[in-house]
Amino acid sequence: MHAVKVLVPVIALAGCGSAELPRAAVADTEAEIVAAQTVGAENHPRAALHLKQARDQLASALKLAEDGEEELARMTLERARVDAELALALTREAEAERQARLTLQEIAGAEAQQ
Amino acid sequence: MKTTLFLLPAAIALAACASEQASSQLKTARSDYREAKNSPASQLELVALDEAQQALEKAEAAHAEDPGSYQEKSLAYVASHRARIAMAKAGEADAKLTVQEAQERHQQYQTALLEAQRAALEHTSKDLEQERRARLEAEKRTAAAMASLEELGRVQQDDRGTVLTLSGSVLFATGESELLPTARQRLDSVAQSLADFDSDVTFKIEGHTDSRGTDEFNQELSRKRAQSVADYLVSRGVDQSRIQTVGMGESQPVTTNDTPEGRANNRRVEIVIQDPDQLRNPMPQDQSGIPDDR
């Protein structure tokens with residue numbers, strides 16, 4: 001949802017030509033945010049924190065670009081990107097660990113019955 | 001890759017010289033990278049770890065150029081996150097590896113279990129087959145023994161078991177309990193037939209007389225006659241422990257004692273063949289076949 005929200009100013013900025021943020025870098029960051037949301041980052045506290053930071057920093061980057069702070073905007077966008085990636089990685093790790101615990105329990109249960 | 005690996009210690013060494021000016025973000029990034037390098041990421045997530053290393057090098061370079069700058073802090077932030085991404089990815093890979101190994105172990109366990117069950121089933125099947133063959137052999141022997149008995153005397157079934165009736169006049173002289181010479185040949189055949197029954201089959205030899213003479217005399221005569229037959233069968237190889245004798249006297253006539261023919265039929269020796277299997281599973285008296293539980 002946040003990703004959708006930030007798309008509007010990006011398009012607006014691109015339209016007026018007042019920002020130098022690479023469209024691909026912004027799109028990649030937005031894609032990472034959507035991916036983290038999709039795997040359920042908001043259900044894991046640590047991942048949710050980084051997801052929020054990713055959204056906030058993406059918004060800041062866009063604002064900085066609008067204000068003509070190109071270098072700061074670029075660095076902020078990069079930070080938004082790694083926060084989104086970390087949110088995604090932490091969620092996938094937590095899900096894999098949950099699945100592992102479940103599988104081990106199922107196996108132990110099945111072997112105990114045999 | 002080799003270049004970065006070569007340059008990083010130098011960069012860290014340079015940074016150490018200026019450690020007082022290193023931002024907290026850079027210190028965190030260095031710590032996070034060391035942690036990642038010592039974690040399973042060094043085995044499972046080499047690409048992600050390399051990205052973290054390159055990010056840290058950029059932060060160190062920014063620090064060297066302008067200690068405490070915004071760029072240093074921003075790049076250190078990125079480097080720190082890259083290190084933690086590498087560790088999280090390694091954690092995911094490690095968890096998946098654990099699942100895979102557990103499933104493989106479980107599969108091996110299942111295979112071994114199935115193999116054990118199959119072997120047990122095969123063993124049981126062999127046992128059942130041996131038992132079936134043994135039972136068939138026993139049934140054949142019993143059938144053959146019964147057939148041969150039917151050639152030696154009257155054979156009938158009653159609640160005592162299978163009863164072979166031998167005429168007293170064939171076996172003994174009137175009032176005597178010593179076997180006639182002609183009886184021995186017949187009893188040889190009887191002994192041979194009895195030996196063909198399974199070892200758990202027992203034989204009860206009952207002596208019977210007609211009603212002439214006193215009860216006491218007839219009782220004693222019937223007992224002695226049963227014992228004579230038993231002794232002879234034992235001498236012909238029938239196991240003594242399987243034989244029981246009893247004198248019934250004149251108490252159980254099979255027909256009238258008023259005629260010579262009737263008395264002749266009442267003078268007899270009966271060999272009751274008692275098969276434990278048959279006694280355990282008697283034919284139902286009730287034609288419905290439903291056992292009476294009372």
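Note on numbering: residues in each chain are counted from 1, in written sequence order. Each chain takes a letter, starting from A, and each ligand takes a number, starting from 1, following the order in which they are written. In keeping with the predicted nature of the model, local features appear solely for residues at pLDDT of at least 70, side-chain atom pairs appear and are counted solely at 80 or more, and the whole-chain, interface and lining totals rest on all residues. As a rule here, side-chain values cover all heavy atoms of the structure and leave hydrogens and water aside.

### Some words on a negative patch on the surface
Within this analysis, patches are made of residues with over 30% relative accessible area and no salt bridge. Like charges are joined at 9 Å or less; nonpolar side chains (Val, Leu, Ile, Met, Phe, Trp, Tyr) at 5 Å or less. Working definition of accessibility: Shrake-Rupley area with a 1.4 Å probe, residue cover restricted to the visible protein chains. Criterion for a salt bridge: a side-chain nitrogen of Lys or Arg within 4 Å of a carboxyl oxygen of Asp or Glu. Counted charges follow a simple rule, with Lys and Arg positive, Asp and Glu negative, and His plus the chain ends left uncounted. Charge coordinates come from a single atom per side chain, which is NZ of Lys, CZ of Arg, CG of Asp or CD of Glu. Residues Glu 97 of chain A together with Asp 94, Glu 101 and Glu 104 of chain B make up a contiguous surface patch of negative charge. Per-element tally for the negative patch: the top contributor is helix H5 (residues 70-150) of chain B, with three residues. Strands here mean DSSP runs of E at least two residues long; helices mean DSSP runs of H or I at least four residues long; both are numbered from the N terminus. With respect to the helices, strands and loops of the structure, Asp 94 of chain B is situated in helix H5.

### Focus on the interface of chain B and chain A
You'll often see interface size given as the accessible area lost when the parts meet. Any pair of residues with heavy atoms lying within 4.5 Å of one another is described as a contacting pair. Between chain B and chain A, the contact holds 25 residues from the first and 27 residues from the second. Accessible surface is computed with a 1.4 Å probe, and the buried area is the amount of it that two parts give up when combined, taken over both parts together. Of all residues in chain B, Tyr 70, Tyr 77 and Glu 92 of chain B bury the most surface against chain A, accounting for 22% of the area lost on that side. Linking chain B to chain A there are two salt bridges. Where Arg 82 of chain B meets Glu 85 of chain A, a salt bridge forms, and the shortest distance between an N and an O atom there is 2.7 Å. Pairs of N or O atoms within 3.5 Å make up the polar contacts considered here, provided that, within protein, one atom can donate a hydrogen while the other can accept it, and that residues adjacent in sequence are counted only when both atoms are side-chain atoms. Across the contact surface, chain B and chain A share nine residue pairs in polar contact (both at pLDDT 80 or more).

### Comments concerning the pattern of salt bridges
Oppositely charged side chains are able to pair whenever their charged atoms sit close together. All names here are of chain B. Applying the stated criterion across every chain, the model contains 26 salt bridges over all chains. A salt bridge links Arg 132 to Glu 129, with the nearest nitrogen and oxygen atoms 2.9 Å apart. Highlighted residues: Arg 132 and Glu 129, both in helix H5, separated by three residues, approximately one helical turn. Asp 198 is the partner of Arg 141 in a salt bridge, and the nearest nitrogen-oxygen pair spans 2.7 Å. Of this pair, Arg 141 sits in helix H5 while Asp 198 is found in the loop between helix H7 (181-195) and strand E3 (202-208), placing the two residues 57 residues apart along the sequence. Here's how the labels work: a residue is buried when its accessible area is under 20% of the maximum for its type, exposed when over 50%, partly exposed in between, all with a 1.4 Å probe on protein chains only. Arg 141 gets classed as partly exposed once you look at its relative accessible area, which sits at 37%. Look at the salt bridges and you will find they share partners, linking Asp 158, Arg 160, Lys 204, Glu 206, Arg 268 and Glu 270 into a network.

### Overview of the sheet that holds strand E4 (residues 243-247) of chain B
Residues and elements named next belong to chain B. The strand order across the open sheet formed by five strands is E1-E2-E5-E3-E4, and the pairing between neighbours is mixed. Sheet topology places strand E1 (154-158) and E4 at the edges, where each strand pairs with a single neighbour. Averaged over all neighbouring strand pairs, the angle between strand axes comes to 25°, with direction disregarded. Relative to E4, E3 runs parallel, the two sharing five bridges. Two strands make a pair as long as DSSP finds a minimum of two bridges between them. Each axis is a line fitted through C-alpha atoms, taken for helices only over the stretch in contact, and angles between the N-to-C directions span 0 to 180 degrees.

### Side note on the nonpolar core
The definition of a nonpolar core used throughout is a set of buried Ala, Val, Leu, Ile, Met, Phe, Trp, Tyr and Cys residues joined through side-chain atoms within 4.5 Å. One finds Leu 233 and Ile 271 of chain B to be the most contacted residues of the largest nonpolar core, which totals 28 residues. When contributions to this core are tallied by element, the ones reaching two or more residues are H5, strand E2 (161-167), H7, E3, helix H8 (215-235) and strand E5 (268-274) of chain B. Ala 47, Leu 86, Ala 87 and Leu 88 of chain A belong to the second largest nonpolar core, which has 23 residues in total.

### Let's talk about the pairing of E2 of chain B
All names here are of chain B. Across the seven residues of E2, six count as buried, placing the element largely inside the fold. In this structure, E1 lies alongside E2, joined through five bridges in antiparallel fashion. Bridge pairing in E2 places Arg 154 opposite Thr 165. Counted along the chain from E1 to the antiparallel partner E2, the turn is two residues long.

### Brief notes about the packing of helix H2 (residues 23-38) of chain A against helix H4 (residues 70-113) of chain A
Geometry of a packed helix pair, given as the angle between the helix axes and the separation of the axes. Residues and elements named next belong to chain A. Relative to each other, H2 and H4 sit at 25°, their axes nearing to 8 Å. Relative to H4, the element H2 lies roughly parallel. The two elements H2 and H4 cross, and the hand of that crossing is left-handed. Note on element contacts: H4 touches H2 through Leu 77, Ala 80, Arg 81, Ala 84, Glu 85, Ala 87 and Leu 88, opposite Ala 25, Val 26, Asp 28, Thr 29, Glu 32, Ile 33, Ala 35 and Ala 36. Following the grouping adopted for this structure description, the nonpolar residues are Ala, Val, Leu, Ile, Met, Phe, Trp, Tyr, Cys and Pro, the charged ones are Asp, Glu, Lys and Arg, and the polar ones are all others, Gly among them. In the contact of H2 with H4, the residues fall into 10 nonpolar, one polar and four charged. Angles below 35 degrees are treated as roughly parallel, those above 145 as roughly antiparallel, those between 65 and 115 as roughly perpendicular, and all remaining angles as oblique. The sense of a crossing depends on the near helix, which, turned anticlockwise from the far helix by less than a right angle, makes the crossing left-handed and, turned clockwise, makes it right-handed.

### Quick word on the packing of aromatic side chains
Here is the rule: rings of Phe, Tyr and Trp (six-membered ring for Trp) pair when centre to centre is within 6.5 Å. Planes less than 30 degrees apart are stacked, more than 60 are edge-to-face, and the remainder are tilted. Counted by the stated rule, this structure contains one aromatic pair over all chains. Centre to centre, the rings of Phe 197 of chain B and Phe 203 of chain B are 6.3 Å apart; their planes meet at 65°, and the pair counts as edge-to-face. Each member of the pair, Phe 197 of chain B as well as Phe 203 of chain B, is classed as buried. Criterion for a charge above a ring: Arg CZ or Lys NZ at most 6 Å from the ring centre, at most 35 degrees from the ring normal. If you follow Arg 79 of chain A out to its NZ or CZ, it ends over the ring of Tyr 77 of chain B, 5.8 Å from the centre.

Note that every value here comes from positions in space, so none of it alone points to a role or purpose.
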